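Here is how the chains run, residue by residue.
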Amino acid sequence: MCTASDSYLAQVGQPPVLAARAPGRVEFIGNHTDYNGGLVLGAAVDRYLSVALGPGREPGVRVRSVDHGLPVSFAPGAVPSGSWAAYPAGVVAVLAERTDIPPCELVFASDLPVGAGLSSSAAIETATACALDAWLGLGMSRADLARACRRAENEHVGVPCGILDQAVVTFGRQGHLVRVDAAAEVFETIPVPGETRLWIFDSGVRHRLTDGHYAARHRECGEAFAVLSADRRDLPGLAHIDPDAVEAARGRLSDAAWRRARHVTTEHRRVQNVIRLLGLGRLKEAGAELFASHRSSRDDFANSTPELDLLVDRLSQEPSVFGARLTGGGFGGAVLAWTDPSFGVREADAVCRLFETRYGRRPSVLACRASDGVGLVS
Ligand code: ADP
Ligand code: MG
């Protein structure tokens, strides 16, 4: 990858004042728990988007991306709609509420695939915020930075996402997972003992009929919560209902609502269990929870696909795989495999070959490690 600083020098004609970079992220476990008030474990991964920043010669903010042609200029507070520049402009707009943004140039470069479930959008937002925070001496905390970036995406790009992506990209730490309590907005890191690897197998299927499915899942979870929380108004969401109470209420819920509730309530507990097992160094058992998560997504949340099921099933036959599951929204997308270091290119290739036999094409594969979150680079 050509670095943002090299590109800045080539495009602007002088070196940048500073540069920041942000990683991609994966959902380790915690499928559709976030908007149900539950826990998610994510990891920042070692694929990065970087930004170089310096003072501008003309009023306003000018942004360029190595992958996106011509520069885009805007006044702080204005957000060009329908352009990739809406992401950095959204962050500038949020920060402009607290300080004046002097004229500046930002140049982005990235080896993070877009739309592949690694959250390049959170990376571009947090890298922008980190660079501006340092340049303007704003002294933002990491939680503050994650919140500002979520607001940029919600209010200025118009994507109603939760804080998961921005929090994992901001709080990521090498060899650690990030525990996100989305309801309480509490973020912590959890060490993963030993040398482990995160492999991503992208099925190449892009969210089939995503919108309708997502809306239906939200509705079904809401329906279940309304019934199950009738005398528990204090609970932050469906994830906090006891799975036994879900079983007991089966006759009072539609089959869909009952299944979604069973997934969300057991998934929240699987996240807690993984945290406990990692603390005890019991990696195989923690990995078994990832396989259980996949089965629950497949059977109860109904957001898997035959392609994802095939990948998880084949991965489960490899002794060096601790656990594997669909990661992200589902209805297509990718499988995450958590492995020990003996899982390598040969093992990954065997998985891809089986997939190719069945579907006539190969999944794209990324081998990653849990890495540090957004920060300045020298
Ligand atoms: P993802 O799952 O990767 O976050 P999104 O659709 O949420 O997918 O965000 C991707 C968008 O972020 C891109 O369409 C583009 O507007 C912006 N983006 C990501 N990476 C870059 C980049 N290197 N340069 C410019 N814009 C980028
Ligand atoms: Mg995104």
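This is a predicted model, so every value here is computed, not measured.

Enquirer: How do you make sense of the overall build of the protein chain when you look at a structure like this?
Expert: Looking only at helices and strands, one finds 11 helices and 12 strands in the protein chain. Principal-axis analysis of the C-alpha atoms gives the protein chain an extent of 65 × 55 × 40 Å. When burial is assessed residue by residue, the protein chain has 55% of its 378 residues classed as buried. Restricting to contacts in the protein chain with at least 6 residues of sequence separation, those with at least 24 account for 71%. Element-wise, carbon and sulfur atoms account for 50% of the exposed surface of the protein chain, whose accessible area totals about 15,400 Å².

Enquirer: Looking at this structure, how should I read the pairing of strand β6 (residues 176–181)?
Expert: Within a regular strand, side chains alternate between the sheet's two faces. With respect to burial, β6 is a largely interior element, six of its six residues being buried. The side-chain alternation of β6 yields two buried faces, one formed by H176, V178 and V180 and the other by L177, R179 and D181. With four bridges joining them, strand β2 (residues 39–55) and β6 adopt antiparallel strand pairing. In the sheet register, L39 faces β6, and the bridge partner there is D181. Here β6 pairs with strand β7 (residues 186–191) via six bridges, running antiparallel. Of the residues in β7, the one forming a bridge with L177 is I190.

Enquirer: Would you explain empty space enclosed by the protein in this entry?
Expert: Sizing a probe to match a water molecule and rolling it over the atoms shows the empty space that remains. In total, this model carries one cavity of 30 Å³ or more according to the counting rule given. When its volume is computed, the largest cavity comes out at roughly 40 Å³. Around the largest cavity sit F28, L177, V192, T196, L198, W338 and A370, which together line it. For the lining of the largest cavity, the class distribution of residues is six nonpolar, one polar and no charged.

Enquirer: Please clarify how the side chain of T265 should be interpreted in this entry.
Expert: Inspection of the secondary structure assignment puts T265 in helix α8 (residues 255–279). Under the relative-accessibility criterion, T265 is labelled buried at 0%. There is a polar contact of 3.4 Å between the side chain of T265 and the backbone oxygen of R262. Not counting the four nearest positions on each side in its chain, T265 is found in contact with L238, A239, I241, P243 and V246.

Enquirer: What is the right way to read the layout of surface pockets from this model?
Expert: Roughly 1,300 Å³ of internal volume is contained in the largest pocket. What lines the largest pocket is a set of 42 residues, and nearest its centre among them are R25, C161, D165, Y214 and G329. At the level of elements, β1 (18–29), α3 (120–136), α4 (142–157), α5 (164–171) and α6 (210–228) are the ones that each hand at least two residues to the lining of the largest pocket. For the lining of the largest pocket, the element with the highest residue contribution is α6, accounting for four residues. The two domains that each donate at least three residues to the lining of the largest pocket are domain 1 (4–190) and domain 2 (197–368).

Enquirer: Hey, could you run me through the packing of aromatic side chains in this one?
Expert: To describe a pair of aromatic rings, one takes the distance between the centres and the angle between the planes. Scanning all chains against the criterion turns up eight aromatic pairs. Seen in terms of ring centroids, W199 and F343 are 5.1 Å apart; in terms of plane orientation they differ by 75 degrees. Their pairing is edge-to-face. Here F343 lies in the loop between β10 (334–339) and α11 (345–359) and W199 lies in strand β8 (residues 197–202), a separation of 144 residues in the sequence. Given the relative accessible area of 3%, F343 is considered buried. Relative to F331, the ring of Y214 lies with its centre 5.8 Å away and its plane at 90 degrees, an arrangement referred to as edge-to-face. Of this pair, Y214 sits in helix α6 while F331 is found in the loop between β9 (321–327) and β10, placing the two residues 117 residues apart along the sequence. Taken together, the ring pairs in this structure connect F28, F322 and W338 into an aromatic cluster. Over the face of the ring belonging to Y48 we find R21, whose NZ or CZ atom lies 3.6 Å from the ring centre. Over the ring of W258 we find R250; its NZ or CZ atom is 3.6 Å from the centre of that ring.

Enquirer: So what exactly am I meant to see when it comes to α3 here?
Expert: Since one α-helical turn is 3.6 residues long, residues separated by three or four positions face the same way. Between its terminal C-alpha atoms α3 stretches 24 Å, which fits the 24 Å expected from 17 residues at 1.5 Å a residue. Among the 17 residues of α3, 14 are classified as buried, and the element is accordingly described as predominantly covered. Of the residues flanking the end of α3, it is G137, one or two places downstream, whose phi is positive at about 60 degrees.

Enquirer: Would you explain the domain arrangement of the protein chain in this entry?
Expert: By a widely used convention, the size of an interface equals the accessible area lost when the partners come together. Domains assigned within the protein chain are domain 1 (4–190) and domain 2 (197–368). Centre-to-centre, using C-alpha coordinates, domain 1 lies 27 Å away from domain 2. With 27 residues of domain 1 at the contact, the number on the domain 2 side is 39 residues. On the domain 1 side of the interface with domain 2, the three residues burying the most area are F28, I29 and N31, jointly 26% of the side's total. On inspection of domain 1 and its partner domain 2, the count reaches one salt bridge. One salt bridge in this structure joins E27 and R325, with 2.7 Å as the shortest N-O distance.

Enquirer: Is there a simple way to think about the nonpolar core in this case?
Expert: Taken as a class, soluble globular proteins show a tendency for nonpolar side chains to be buried jointly. Formed by 63 residues in total, the largest nonpolar core has its most connected members in F28, V63, L198, L278 and W338. By residue number, the principal contributor to this core is α3, which donates eight residues. Three or more residues apiece are contributed to this core by two domains, here domain 1 (4–190) and domain 2 (197–368). Apart from the residues within four sequence positions on either side, F28 is in contact with L41, G42, L177, L198, V274, L290, R325, L336 and W338. Counting 18 residues, the second largest nonpolar core, distinct from the first, contains V312, V335, A337 and V351.

Basis of the calculations
The residue numbering used here restarts from 1 in each chain and proceeds along that chain's sequence as written. All chains are assigned letters beginning at A, and all ligands numbers beginning at 1, according to the order in which they are written. Totals for whole chains, interfaces and linings use every residue, but because this is a predicted model, local features are given only for residues with pLDDT of at least 70 and side-chain atom pairs only at 80 or more, for both listing and counting. Excluding hydrogens and water, the side-chain values take into account all heavy atoms of the structure. Helix numbers and strand numbers start at the N terminus; a helix is a DSSP run of H or I with at least 4 residues, a strand a run of E with at least 2. Partly exposed residues are those whose accessible area sits between 20% and 50% of the maximum for their type, while under 20% is buried and over 50% is exposed, using a 1.4 Å probe and protein chains only. Residue contacts are counted whenever heavy atoms from the two residues lie within 4.5 Å of one another. Note on areas: these come from Shrake-Rupley sampling with a 1.4 Å probe, and a residue is covered only by the protein chains present in the view. Two strands qualify as a pair provided DSSP detects at least 2 bridges between them. The rule is simple: put a 1 Å grid over the protein atoms alone, call a set of points where a 1.4 Å probe fits but cannot get out a cavity, call an open set with protein on both sides within 12 Å along at least five of seven lines a pocket, and count a residue as lining if it has an atom within 4 Å of a point. Grid points are joined across faces, edges and corners, and a volume is the space filled by probe spheres set on the points. Under the grouping applied here, Gly and all other residues not named as nonpolar or charged are polar, the nonpolar ones being Ala, Val, Leu, Ile, Met, Phe, Trp, Tyr, Cys and Pro and the charged ones Asp, Glu, Lys and Arg. What qualifies as a polar contact is a pair of N or O atoms within 3.5 Å, subject to a donor-acceptor requirement within protein and to the restriction that residues adjacent in sequence count only when both atoms come from side chains. The start and end points of each domain follow an automatic or database-based domain assignment. Pairs were defined over the aromatic rings of Phe, Tyr and Trp, the Trp ring being its six-membered one, requiring ring centres within 6.5 Å. Orientation was assigned from the angle between planes: stacked under 30 degrees, edge-to-face over 60, tilted for the rest. For a ring to carry a charge above it, either NZ of a lysine or CZ of an arginine must fall within 6 Å of the ring centroid while also lying within 35 degrees of the normal to the ring plane. Here a helix's expected span is defined as the number of its residues, less one, multiplied by 1.5 Å. Here's the idea: put two parts together, see how much 1.4 Å probe accessible area each one loses, and the total over both is what we call buried area. By convention in these notes, a salt bridge is any Lys or Arg side-chain nitrogen within 4 Å of a carboxyl oxygen on Asp or Glu. Buried residues of nine kinds, namely Ala, Val, Leu, Ile, Met, Phe, Trp, Tyr and Cys, make up a nonpolar core once their side-chain atoms join them within 4.5 Å.

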